[in-house]
Amino acid sequence: MAKTDSQRLKMICGKVAQRCLGMRMRNAARVVGNFYDRHLKPTGLKATQFTLLNAICLNPSFSIGRLADFLQIDRTTLNRNLKPLERKGLIQSVPGRDPRTRTLNLTAAGTQTLKQALPLWLEAQSAVVDLLEKRVEGFADDLRALEKLVT
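Notes on the structure in this doc start here. (Residues numbered from 1 in each chain as written. Predicted model: local features only at pLDDT ≥ 70, side-chain atom pairs only at ≥ 80, totals over all residues. Heavy atoms only, no water.)

## Focus on the pairing of strand β3 (residues 102–106)
Quick note on the threshold: Accessibility here uses a 1.4 Å probe with only protein chains present; expressed as a share of the type maximum, an area under 20% marks a residue as buried, one over 50% as exposed, and anything in between as partly exposed. Secondary structure elements are taken from DSSP: a helix is a run of H or I of four residues or more, a strand is a run of E of two residues or more, and numbering for both begins at the N terminus. Each pair of strands is called paired provided DSSP finds at least two bridges between the two strands.
For β3, the buried fraction is high: four of the five residues fall into the buried class. Examined bridge by bridge, strand β1 (residues 62–63) and β3 share two bridges and lie antiparallel to one another. Bridging from a neighbouring strand, Phe62 pairs with Leu104 of β3. Of the pairings in the sheet, the one linking strand β2 (residues 91–95) to β3 comprises five bridges and is antiparallel in character. Looking across to β3, one finds that Val94 is bridged to Thr103. Counting the residues in the hairpin turn of β2 and β3 gives six residues.

Below, the structure written as structure tokens:
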């Protein structure tokens, strides 16, 4: 019996679901992100928020645009992710030298939350590294090479 277009489409979609590296990478990112989220839960931070606090700590007074470039995310996503941190009083946004820009800094509460989160992050990081260490180093190199192909 000949396969219908619908059956062929389902077969192709099944192969995509089994083999697509893009889908696997997004799933892997969710799994790892959820692992870090569980470790960071006592601080009230998600892994993405921890990353933002860490980046702001490293780059005080970065504009939102520079921080977006540094983190390689678009400004809209960054702004959306910064709002909860600002509402919690963990970061402050002030006008930059150019009044059209805003710069970001940690507040005292943000610094304290980051200090509380660092040991929890280290636990998560150690567990992930212990499990994936041999694969991660080569994989990170491969990702950098892939990134060069798309930039």
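## Digging into the side chain of Asn105
Counted only if it meets this: Any two residues whose heavy atoms approach within 4.5 Å are treated as being in contact.
Relative to the assigned elements, Asn105 resides in strand β3. The buried category is assigned to Asn105, whose relative accessible area is 17%. With sequence-adjacent residues up to four places away left out, Asn105 is seen in contact with Ile56, Pro60, Ser61, Leu90, Ile91, Gln92 and Val94.

## Points about a positive patch on the surface
Heads up, the rule is: Nonpolar side chains (Val, Leu, Ile, Met, Phe, Trp, Tyr) within 5 Å and like charges within 9 Å form the patches, drawn only from residues with over 30% relative accessible area and no salt bridge. What sets the accessible areas is the Shrake-Rupley method with a 1.4 Å probe; for residues, cover comes only from the shown protein chains. Think of a salt bridge as a Lys or Arg side-chain nitrogen and an Asp or Glu carboxyl oxygen that are within 4 Å of each other. In this count, Lys and Arg are taken as positive residues and Asp and Glu as negative ones, while His and the chain termini are left out. The atom standing in for a charge is NZ when the residue is Lys, CZ when it is Arg, CG when it is Asp and CD when it is Glu.
A contiguous patch of positive charge, built from Lys41, Lys46, Lys83, Arg87, Lys88 and Arg102, is present on the exposed surface. Note that Lys41 resides in the loop between α2 (21–40) and α3 (47–58). The class of Lys41 is exposed, set by a relative accessible area of 65%.

## What about the packing of aromatic side chains?
Put simply, the test is: Pairing of aromatic side chains here covers Phe, Tyr and the six-membered ring of Trp, requires ring centres within 6.5 Å, and sorts the geometry by plane angle: under 30 degrees stacked, over 60 edge-to-face, intermediate tilted.
Applying the stated criterion across every chain, the model contains three aromatic pairs. Considering the side-chain rings of Phe35 and Tyr36, the 6.4 Å spacing of their centres and the 90° angle between planes classify their relative orientation as edge-to-face. Residue Phe35 is classed as partly exposed on the basis of its relative accessible area, which comes to 23%. Take Tyr36: its relative accessible area is 11%, and that puts it in the buried class. Relative to Phe70, the ring of Phe62 has its centre 6.1 Å away and its plane inclined at 80°; by these criteria the two rings are edge-to-face. Phe62 sits in the buried class, given a relative accessible area of 12%. Exposure remark for Phe70: the relative accessible area of 43% places this residue in the partly exposed category.

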